[in-house]
Amino acid sequence: MIRDLTVSGGRVEFTVMLTTPACPLRSQIERECRSAVLAVPGAQEIAIRFASNVVRDPRLGRKRQLPFRNTLAVASGKGGVGKTTCAVNLAIALHRLGATVGLLDADIYGPNIPIMMGVEARPRVKDERILPLQAYGLKLMSMGFLIRPDQPMVWRGPMLHKALEQFLNEVAWGDLDYLLMDLPPGTGDVQLSLAQILPLTGAVIVTTPQDVALADVRKGMAAFNQLEVPLLGVIENMSTFVCPHCGERTDIFSHGGGRRAADELGIPFLGEVAIDPAIRAGGDDGQPIVAVAHHSPQAQAFMDIAGALAAKISVLNMEQPAQGLITDIPVLG
Ligand SMILES: Nc1ncnc2c1ncn2[C@@H]1O[C@H](COP(=O)(O)OP(=O)(O)O)[C@@H](O)[C@H]1O
Ligand SMILES: [Mg+2]
């Protein structure tokens, strides 16, 4: 991880190359480097630079030339648990941490990304490629940009497959460290099609904390196992409510079900996001909380989960045999 090491007199300088700019261990690494170097006799001064080179999912490199280093599905057993909210805020969190991020609304029948990202426009086409729309530093694509809001989507499986294929292959995404995909609820055609079109680096399951959560998570896990998609972990959304007036905590949908489900099924628990009217309002107004109130505890929760996810993805990619694939990737600042 150490590059560009120079020593002149008592001054030691080097760059630490991280596997993701969202690395949650950055400050720990910095501390440990500092104390290790300063323990060397003669070392008096130290300057550490950080850079990153996001590890590419080796399977994405192998299958065909896709511009994504990693693809991440945000899923849940049922609707209304906050998948889209999590997908939007996690994508912005990864971008804020320094990654290049795209967000694909794979909820073809009920696209919510346009409203939640506050984008109402039609994508342009250039050189036979669809140009993604942009907001809050993300590249976006959604069926909602292509249809009228009141137009119902009644499509057969093959049409849906074709639409997803176009979104992945014919959109000018450019190089992305992470492509996040907001899935429709449950385990259906979209999940199947996506897994057929490209290798998914991993999936996260969003759940609310009630007892039924376990059944939902188990269902999602079984589906992704069948599709050979690694499960990166569980997020408990609407975890608790802290009254803004008196500070008292109320567990509206109970609490802890997400962690229990993750523990019981042997998958990582990635973190909790509280119920916060500001999250709901931000969704309705196209002003995601991580973008507009990044000092709030809820935004911080999304930032922490994004870091944990990026770390899981790095570890997963480094565990896989790269099969001789050497990626020549520019260094991010
Ligand atoms: N942590 C939260 N606090 C408050 N409201 C939330 C939270 N998470 C989601 N919501 C709201 O709940 C509703 C459903 O969320 P959504 O992300 O659309 O769920 P899904 O994509 O799973 O159907 C939306 O109105 C959203 O703003
Ligand atoms: Mg949704």
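Just above sits the structure.
Residues numbered from 1 in each chain as written. Chains lettered and ligands numbered in written order. Predicted model: local features only at pLDDT ≥ 70, side-chain atom pairs only at ≥ 80, totals over all residues. Heavy atoms only, no water.

**Focus on the pairing of strand 2 (residues 11-18)**
By the criterion of burial, strand 2 is predominantly enclosed, with 6 of the 8 residues buried. Bridge count for strand 1 (residues 2-8) against strand 2 is 5 bridges, and the pairing is antiparallel. Pairing of Val 7 across the sheet is with Val 12, part of strand 2. Counting the residues between successive antiparallel strands, the hairpin from strand 1 to strand 2 contains 2 residues, one of them, Gly 9, with a positive phi of roughly 60°. (Buried < 20%, exposed > 50% of the residue type's maximum accessible area, 1.4 Å probe, protein only. Helix = DSSP H or I, 4+ residues; strand = E, 2+ residues; numbered from the N terminus. Pairing = 2+ DSSP bridges.)

**A word on the packing of aromatic side chains**
Overall, the coordinates contain 1 aromatic pair when judged by the stated rule. Taking 6.3 Å as the distance between ring centres and 70° as the angle between the ring planes, the aromatic pair formed by Phe 68 and Trp 173 counts as edge-to-face. In this pair, Phe 68 sits in the loop between helix 2 (58-63) and strand 4 (71-75) while Trp 173 sits in the loop between helix 5 (157-169) and strand 10 (178-182), placing the two residues 105 residues apart along the sequence. Classification of Trp 173 by relative accessible area gives buried; the value is 0%. (Phe/Tyr/Trp six-rings, centres within 6.5 Å; stacked < 30°, edge-to-face > 60°.)

**With respect to the nonpolar core**
By size, the foremost hydrophobic cluster in this structure holds 89 residues, and its most contacted members are Leu 103 and Met 117. If you tally residues by element for this core, the top one is helix 11 (residues 297-319), at 9 residues. Leave out the neighbours within four places in its chain, and Leu 103 touches Ala 87, Val 88, Ala 91, Ile 113, Met 117, Leu 138, Lys 139, Leu 140, Met 141, Trp 173, Leu 179 and Leu 180. Val 12, Phe 14, Ile 29 and Ile 46 belong to the second largest nonpolar core, which has 12 residues in total. (Core = buried A, V, L, I, M, F, W, Y, C linked by side-chain atoms within 4.5 Å. Contact = heavy atoms within 4.5 Å.)

**Overview of the site of ligand 1**
Among the 15 residues in the neighbourhood of ligand 1, the closest are listed as Gly 80, Lys 83, Thr 84, Thr 85 and Ala 274. Within the contact set of ligand 1, an oxygen atom lies 2.8 Å away from a backbone nitrogen or oxygen of Gly 80. Lys 83 is positioned with one of its side-chain polar atoms (N or O) 2.8 Å from an oxygen atom of ligand 1. Relative to its free-state accessible area of 560 Å², ligand 1 is covered by the protein chains to the extent of 82%. Mapped onto the shell around ligand 1, the elements with two or more residues apiece are helix 3 (83-96), strand 12 (231-242), strand 14 (269-275) and helix 9 (277-285). Here the element with the most residues in the shell around ligand 1 is helix 3; it accounts for 3 residues. Looking at the shell around ligand 1 residue by residue, the classes come out as 6 nonpolar, 6 polar and 3 charged. (Near = heavy atom within 4 Å. Polar contact = N/O pair within 3.5 Å; in protein donor to acceptor, adjacent residues only side chain to side chain. Areas by Shrake-Rupley, 256 points an atom, 1.4 Å probe, with all protein chains shown as cover. Nonpolar A, V, L, I, M, F, W, Y, C, P; charged D, E, K, R; others polar.)

**So, helix 8 (residues 257-265)**
Within helix 8, the full set of buried residues consists of Gly 257, Gly 258, Ala 261, Ala 262 and Leu 265. The buried side chains of helix 8 occupy one side of the element, clustering within an arc of 135° when seen end-on. Exposed side chains of helix 8 directed beyond 90 degrees from the buried face belong to Asp 263 and Glu 264. Elements that come into contact with the buried residues of helix 8 comprise strand 11 (202-207), helix 7 (213-226), strand 12 and strand 14. Gly 266 lies just past helix 8 and shows a positive phi near 70°. (Arc of directions from axis to C-beta.)

**Notes on helix 3**
Spanning 14 residues, helix 3 covers 20 Å between terminal C-alpha atoms, matching the ideal 20 Å at 1.5 Å per step. Of all the 14 residues making up helix 3, 12 are buried; the element is thus mostly covered by neighbouring parts of the structure. Within helix 3 the residues assigned to the buried category are Lys 83, Thr 84, Thr 85, Cys 86, Ala 87, Val 88, Asn 89, Leu 90, Ala 91, Ile 92, Ala 93 and Leu 94. (Expected span 1.5 Å × (residues − 1).)

**Looking at the environment of Leu 138**
As for its position among the elements, Leu 138 is in strand 9 (residues 138-142). It is 9.7 Å that separates the C-alpha atoms of Leu 138 and Leu 94, two residues lying 44 residues apart in sequence. With near-sequence residues (within four places) excluded, Leu 138 lies in contact with Val 88, Ala 91, Ile 92, His 95, Val 101, Leu 103, Met 117 and Leu 133.

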